[in-house]
Amino acid sequence: MHNDQLGQHWIEVCALEQIVPDTGVCALINGEQVAVFHVIDGEQRVFAIGNYDPNAQAAVLSRGLVGSLGERIVVASPIYKQHFDLQTGECLEAPENSVPAYPARIAGGKVWVGA
């Protein structure tokens, strides 16, 4: 764990190279399953949202397909195919079933998630 000057706690998830571009992995952070995605869209970026899909009632979002809808970078749940915005966690088809979003960054070749 690492703290930045603003007091945000950052937890190291893995090396960036361990996440295949445009896919996700699941990490256990403070007892919660978090889906962490490595996206390349002109630059390398990482995103983190809750892994539990409330539409399917299953922890599966890290295994979904990454893509874009307009300007939004999304993951499609592998079960019912609802789209979740990787920046906000919003479920586009059912906003009441949105998931939490977490700050994520790349530093020193590692993926870090704010907790």
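The preceding data block contains the structure.
Residues numbered from 1 in each chain as written. Predicted model: local features only at pLDDT ≥ 70, side-chain atom pairs only at ≥ 80, totals over all residues. Heavy atoms only, no water.

Caption draft 1: A look at the overall build of the protein. The secondary structure content of the protein amounts to 0 helices and 13 strands. Put simply, the protein runs from its N terminus to its C terminus through helices and strands in the order β-β-β-β-β-β-β-β-β-β-β-β-β. Taken along the three principal axes of its C-alpha coordinates, the protein extends 40 × 30 × 25 Å. For the protein, the residues scored as buried account for 40% of the 115 residues in total. Here the contacts in the protein between residues at least 6 apart in sequence split such that 43% fall between residues at least 24 apart. A total of about 6,200 Å² of accessible surface is found on the protein, and carbon and sulfur atoms cover 50% of it. In the protein, 6 positive and 13 negative side-chain charges are present, and the distance between their average locations comes to 4 Å. (Helix = DSSP H or I, 4+ residues; strand = E, 2+ residues; numbered from the N terminus. Buried < 20%, exposed > 50% of the residue type's maximum accessible area, 1.4 Å probe, protein only. Contact = heavy atoms within 4.5 Å. Areas by Shrake-Rupley, 256 points an atom, 1.4 Å probe, with all protein chains shown as cover. Lys, Arg positive; Asp, Glu negative; His and termini not counted. Charge placed at Lys NZ, Arg CZ, Asp CG, Glu CD.)

Caption draft 2: Just the pairing of strand β8 (residues 65-69), in detail. By the bridge criterion, 5 bridges tie β8 to strand β9 (residues 72-76) in an arrangement that is antiparallel. Residue pairing in the sheet places Leu69 in a bridge with Arg72 of β9. Linking two consecutive strands that pair antiparallel, namely β8 and β9, is a turn of 2 residues; a positive phi of about 65° is found at Gly70 within it. (Pairing = 2+ DSSP bridges.)

Caption draft 3: Structural view of the sheet that holds β8. Strand order in this open sheet of 3 strands is β8-β9-β10, and the pairing throughout is antiparallel. Sheet topology places β8 and β10 (83-85) at the edges, where each strand pairs with a single neighbour. Each strand of the sheet is rotated relative to its neighbour by a mean of 40°, with strand direction disregarded. (Axes fitted to C-alpha atoms, helices over the stretch in contact; angles between N-to-C directions.)

Caption draft 4: Region of interest: the nonpolar core. Judged by nonpolar contacts, the single largest core of 13 residues is most densely connected at Phe37, Val39, Ile49, Leu61, Val75, Phe84 and Leu86. For this core, the secondary structure elements donating two or more residues are β4 (32-40), β5 (44-50) and β9. It is β4 that contributes the most residues to this core, 3 residues altogether. Residues within four places of Val75 in sequence aside, it is in contact with Phe37, Ile49, Leu61, Gly64, Leu65, Val66, Gln82, His83, Phe84 and Leu86. Ranked by size, the runner-up nonpolar core spans 12 residues in total, among them Cys14, Leu16, Ile19 and Val34. (Core = buried A, V, L, I, M, F, W, Y, C linked by side-chain atoms within 4.5 Å.)

Caption draft 5: A look at the sheet that holds strand β11 (residues 101-102). Taken together, 4 strands build an open sheet; the order of strands is β3-β4-β5-β11 and the sheet is antiparallel. One side of each edge strand has no neighbouring strand; the edge strands of this open sheet are β3 (23-29) and β11.

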